[in-house]
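Now for the letters of each chain:
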Amino acid sequence: MPKKFYQLSRLERLAALQTEKTLTTGDAAFFRAGKSLTQQRAGQLIENQLTTFSLPEGMARQLLVNGKYYQVPMVTEEPSVIAAASNGAKLAVAGGGFTTNQPQRLLIGQIIIIDIADMKKLQLQLEKSKTALLKIANAAHPSLQQRGGGAKWLRLRPLSQQELSLDLAVDVQQAMGANMINTMLEAVAAELRPHLQATILMSILSNHGPDNLVTAKVALPLAALSTAKINGTLVASKIAAASRIAQLDPYRAVTHNKGIMNGITAAALAFGNDFRAIESAAHAFAVRNGQYRGLSQWQVQAKTLQGELTLPLPVGFVGGATKALPAVKPNQRLAHIDSAEELMQVLCALGLAQNLAALKALVTTGIQQGHMALQVKSLAISAGASTDEVLPLSNALKHAKTLDLTTAKQLLHALRQQR
Ligand code: NDP
């Protein structure tokens, strides 16, 4: 029997990806060499730089989205995240994979105006100036409009009797867009300032993303969810119950969503994206109706388990750190992703795959069985095992009655006595 992908060594995996033409020869060589950010480049990226910091990169295998198989690079320190994503991806194939819908990609920026003496007068003044202000916004970053994007609309949003947010919506094309929109907002604010009987407090993008949503869906045949001990119909109904609880209970919802973001954030890092912006947008969207709820929902319908995840994903395919971080371009080519829209859709499907695997484990064997089997290597490292000792100690831990640090240290001691 040929080895499974996860059973191969790192170099065998890279060779397999090269053979199947997922990786180019040049990118395979880059991954083999394990090259990372130079100190010089790191010092150009941040302030007070001391060194660089490494994290492991792996890959979720065979994520089927809109009829195309993706190999998704993921950067994470947490064991089991990538295994769970690959497991969820595999389950979804039985249902024909994920389908996605992504209606628009608009980033919203705010000019916050305070100390307004006459709100009605100001609103009238701003309404009349909308066309001129949009022109000023676009003139501040003309290349965006030349690419088919740019400032699209302005909205007045009173926040109190004396305070208002002037919202600017921008089609940021292939970028995440934070810097571009901030440039536009400051140009509009500078034009407005002398003409206002009010104070401009600040101009900055909003990380709230209701105009930047993406949805992924999947419908699984119930039989695909069977385990050795539980039939698929029961597993599906338990997953649907877990989904309902995440709508009712914030304690559960936060953990439910953390599981979704385990996958999305790991991939966002691999693609050099601002994961803080992605995380804050997701959690704000989860509480949009006043109560924090699960971002995904699962239900049994028409003899299938149907799952759906909608969230804002402010990703960038160009700009930001995408050029500065050396692994980003090879990762984009590894995934065969060519645009910000495609990245949004794949990340959303990945989040739903991650969620499916976590819920299935939780309602069947429990999270610890699979999780701890994969955590033993981390436990061995925490116990002080050297690189050569990690494997034998992990094997010994797999047979231990308790999986804790004390046991790991005792077993390591015993292992060293035998040598
Ligand atoms: P950049 O400042 O890098 O701007 C995008 C760049 O991409 C521009 O130089 C643009 O070129 C170039 N580009 C090339 N092709 C395209 C294309 N097809 N579509 C769009 N742009 C293209 O980054 P962003 O404006 O995207 O901002 C993202 C960065 O801002 C991230 O690093 C983020 O961390 C940070 N940030 C985040 C904040 C937040 O989230 N609150 C606040 C402030 C910054 P050209 O100049 O020719 O248009």
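Scoring rules and cut-offs
- Residues numbered from 1 in each chain as written.
- Predicted model: local features only at pLDDT ≥ 70, side-chain atom pairs only at ≥ 80, totals over all residues.
- Heavy atoms only, no water.
- UniProt positions renumbered as here; feature names shortened; annotations may be inferred.
- Helix = DSSP H or I, 4+ residues; strand = E, 2+ residues; numbered from the N terminus.
- Buried < 20%, exposed > 50% of the residue type's maximum accessible area, 1.4 Å probe, protein only.
- Contact = heavy atoms within 4.5 Å.
- Areas by Shrake-Rupley, 256 points an atom, 1.4 Å probe, with all protein chains shown as cover.
- Lys, Arg positive; Asp, Glu negative; His and termini not counted.
- Charge placed at Lys NZ, Arg CZ, Asp CG, Glu CD.
- Near = heavy atom within 4 Å.
- Polar contact = N/O pair within 3.5 Å; in protein donor to acceptor, adjacent residues only side chain to side chain.
- Nonpolar A, V, L, I, M, F, W, Y, C, P; charged D, E, K, R; others polar.
- 1 Å grid on protein atoms, 1.4 Å probe; cavity = no way out; pocket = protein on both sides within 12 Å on 5 of 7 lines; lining within 4 Å.
- Points joined across faces, edges and corners; volume = space filled by probe spheres on them.
- Core = buried A, V, L, I, M, F, W, Y, C linked by side-chain atoms within 4.5 Å.
- Pairing = 2+ DSSP bridges.
- Axes fitted to C-alpha atoms, helices over the stretch in contact; angles between N-to-C directions.
- Parallel < 35°, antiparallel > 145°, perpendicular 65-115°, else oblique.
- Left-handed = near helix turned anticlockwise from the far one by under 90°.
- Salt bridge = Lys/Arg side-chain N within 4 Å of Asp/Glu carboxyl O.
- Phe/Tyr/Trp six-rings, centres within 6.5 Å; stacked < 30°, edge-to-face > 60°.
- Lys NZ or Arg CZ within 6 Å of the ring centre and 35° of its normal.
- Patch = residues over 30% accessible without salt bridge, like charges linked within 9 Å, V, L, I, M, F, W, Y side chains within 5 Å.

Per an unreviewed UniProt entry, the chain goes by the name 3-hydroxy-3-methylglutaryl coenzyme A reductase and belongs to Loigolactobacillus rennini DSM 20253. Entered under Sequence similarities (unreviewed entry) in the UniProt record, the comment concerning the chain runs "Belongs to the HMG-CoA reductase family." Per UniProt, the chain has the following entry under Catalytic activity (unreviewed entry): "(R)-mevalonate + 2 NAD(+) + CoA = (3S)-3-hydroxy-3-methylglutaryl-CoA + 2 NADH + 2 H(+)".

Q: Which residues make up the overall build of the chain, and what values do they have?
A: A tally of helices and strands in the chain yields 15 helices and ten strands. Dimensions along the principal axes, computed over C-alpha positions, put the chain at roughly 80 × 55 × 45 Å. For the chain, the proportion of its 419 residues judged to be buried stands at 47%. For the chain, the share of sequence-separated contacts (at least 6 apart) that also reach a separation of at least 24 residues comes to 71%. Summed over all atoms, the accessible surface of the chain reaches about 21100 Å², with 55% contributed by carbon and sulfur. Across the chain, 42 positive and 26 negative side-chain charges occur, with their mean positions spaced 8 Å apart.

Q: Just give me the short version of the site of the ligand, but keep the residues and values in it.
A: If you check the shell around the ligand, you find 20 residues, and the closest are His141, Ser143, Gly177, Asp274 and Gly320. Here serine 143 contributes a side-chain N or O atom positioned 2.5 Å from an oxygen atom of the ligand. Taking arginine 147, its side chain carries an N or O atom lying 2.9 Å from an oxygen atom of the ligand. Summarising the interface, the protein chains cover 68% of the accessible area of the ligand, which totals 940 Å² for the free molecule. In terms of residue class, the shell around the ligand is built from eight nonpolar, ten polar and two charged.

Q: Quick one: what's the story with the layout of surface pockets, residue by residue and with numbers?
A: Of the pockets and cavities examined, the second largest pocket occupies roughly 200 Å³. Around the second largest pocket, the lining is made up of 14 residues, and of these Gln247, Arg288, Gly294, Leu295 and Gln297 lie nearest the centre. Taken together, the elements giving at least two residues each to the lining of the second largest pocket come down to α10 (275-286) and β10 (304-312). Per-class residue counts for the lining of the second largest pocket are five nonpolar, six polar and three charged.

Q: Go over the nonpolar core, please, and point to the residues and values.
A: The biggest cluster of nonpolar side chains holds 60 residues, and the ones touching the most others in it are Leu63, Val72, Ile239, Trp298, Leu305, Leu311 and Leu313. When sequence neighbours within four positions are dropped, the list of residues in contact with leucine 311 reads Asn212, Leu213, Val214, Met261, Ile264, Ala282, Phe285, Leu295 and Cys348. Judged by nonpolar contacts, the second largest core, of 34 residues, contains Leu133, Ala137, Leu196 and Ala277.

Q: So what about the sheet that holds strand β8 (residues 213-221)? Which residues, and what values?
A: Spatial ordering of the open sheet is given by β3-β8-β10-β9, a layout of four strands whose pairing is antiparallel. In this open sheet, the two strands that pair with only one neighbour each are β3 (99-101) and β9 (296-301). Averaged over neighbouring strand pairs, the angle between their axes works out to 20° when direction is ignored. As paired strands, β3 and β8 are joined by three bridges and run antiparallel to one another. Looking at β8, one finds that asparagine 101 is bridged to threonine 215.

Q: Account for the packing of helix α14 (residues 387-398) against helix α15 (residues 405-418), with residues named and values stated.
A: In the contact formed by α14 and α15, the axes pass within 10 Å of each other and the chain directions differ by 120°. With respect to α15, the axis of α14 lies oblique. Crossing geometry of α14 relative to α15 is assigned as right-handed. Between α14 and α15, the contacting residues are Glu389, Pro392, Leu393, Ala396 and Leu397 on the first element and Ala408, Leu411, Leu412, Leu415 and Arg416 on the second.

Q: How would you explain the sheet that holds strand β7 (residues 199-205) if you had to name every residue and give the values?
A: Two strands in a sheet stick together by hydrogen bonds in their backbones, pointing the same way (parallel) or opposite ways (antiparallel). Strand order in this open sheet of four strands is β5-β6-β4-β7, and the pairing throughout is antiparallel. The sheet terminates laterally at β5 (150-158) and β7, the two strands that pair on one side only. Direction aside, neighbouring strands of the sheet carry axes that sit 20° apart on average. Note: strand β4 (residues 106-114) against strand β6 (residues 164-171), eight bridges, orientation antiparallel. Looking at the pairing, isoleucine 113 lines up with leucine 164 of β6. Helix α5 (residues 119-140) contacts β4, β5 and β6 of the sheet and is inclined by roughly 165° relative to β5.

Q: Could you give an account of the pattern of salt bridges, naming the residues involved and the relevant values?
A: One pass over the structure, following the stated rule, counts nine salt bridges. Linking lysine 258 and glutamate 78 is a salt bridge whose minimum nitrogen-to-oxygen distance equals 3.1 Å. Taken together, the residues span a long stretch of sequence, with lysine 258 in helix α9 (residues 250-270) and glutamate 78 in the loop between β2 (68-75) and α4 (81-93) at a distance of 180 residues. Residue arginine 276 pairs with aspartate 274 through a salt bridge whose shortest N-O separation is 3.3 Å. We classify aspartate 274 as partly exposed; its relative accessible area is 27%. Where salt bridges share partners, they join Arg155, Arg157 and Asp167 into one cluster.

Q: Can you explain the packing of aromatic side chains? Please cite residues and give values.
A: Under the criterion given, the structure shown has one aromatic pair. Looking at arginine 288, its charged tip hangs above the ring of phenylalanine 285, at a distance of 3.9 Å from the centre. Directly above the ring of phenylalanine 317 sits lysine 329, whose terminal nitrogen or CZ lies 5.7 Å from the centroid.

Q: Explain a nonpolar patch on the surface to me, using residue names and the numbers behind them.
A: Residues Leu201, Met202 and Ile204 make up a contiguous nonpolar surface patch of roughly 260 Å² in combined accessible area. Structurally, leucine 201 is set in strand β7.

Q: I'd like a description of helix α11 (residues 328-335), backed by residues and values.
A: With six of eight residues buried, α11 is to be regarded as a mostly interior element. Immediately beyond the C-terminal end of α11, within one or two residues, lies histidine 336, with a positive phi of roughly 55°.

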